[in-house]
Amino acid sequence: MAVNGAGLRTVSHSEQIYIDLTPPEFEYVYDGDSSDFDIQFQTSLNISMAWSVKDPESGIQECSWAIGLSPMDTSLQDYTQIAITENVASTVISSTPYDRIFSTMRCTNAAGRTASISTDGLKISLVGVDTSFSETVVGSTSDVNFASFTGLNLEDGQYKVTV
Ligand SMILES: [Ca+2]
């Protein structure tokens, strides 16, 4: 940049300037780590999000991932930058929200245009079932995953589990 005595400036740009009138386009966003399907329920605190995004005009420059209790909410995790080569992000949250949790992906293209999209949500229950109702499950160990149940009673070679 050159400044002359009158304060007039001459700026010369050698950077490439992108002309792109459209924001990035998401092909899918899913709760969970699969590129094939979205999950609605899980029994662990390991939260994952899978997505695919493209921008044919100027290219994706930056993506960030947030987690919250409603679409676009960031109360459980503020926007965290993710390498643009990734299609799955994971983290472990410290406690189980009662409500559904939603992941949001925000991507910016080389022209500075941003698109954000949220998943349709995910419910977490560490006991493996919906505990809002009472249920008795009787089966062999191969039928039921007992790891997350309490109050096991062995009756006639079968576990009777009261949740
Ligand atoms: Ca979902």
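Per chain, residue numbering runs from 1 following the sequence as it is written. Given that the model is predicted, a residue must reach a pLDDT of at least 70 before its local features are reported, and side-chain atom pairs must reach 80 or more before they are shown or counted; all residues, however, enter totals for whole chains, interfaces and linings.

## A word on the environment of S94
Helix and strand definitions follow DSSP, with helices as H or I runs of at least four residues and strands as E runs of at least two, each counted in order from the N terminus. Locating S94 in the fold gives a position in the loop between β8 (88-92) and β9 (102-109). Exposure is read from a count of other C-beta atoms within 10 Å of each residue's own; the residue is exposed at 12 or fewer, buried at 20 or more and partly exposed in between. C-beta atoms are placed from the backbone. With 6 C-beta atoms packed within 10 Å, S94 lands in the exposed category. Distance in space between the C-alpha atoms of S94 and L76 is 9.5 Å, their sequence separation being 18 residues.

## A short note on the sheet that holds strand β10 (residues 114-118)
Note: two strands are recorded as paired if DSSP finds a minimum of 2 bridges between them. Spatial strand order, β7-β6-β9-β10: 4 strands in an open sheet with antiparallel pairing. Pairing within the sheet leaves two strands with one partner each, and these edge strands are β7 (77-82) and β10. Each strand axis lies, on average, 20° off the axis of its neighbour in the sheet, ignoring direction. Of the strand pairs in this sheet, β9 and β10 are connected by 5 bridges, and their pairing is antiparallel. Looking at β10, one finds that T108 is bridged to T114. Axes, fitted as lines to C-alpha atoms, cover a helix only where it is in contact. Angles between the N-to-C directions of the axes lie from 0 to 180 degrees.

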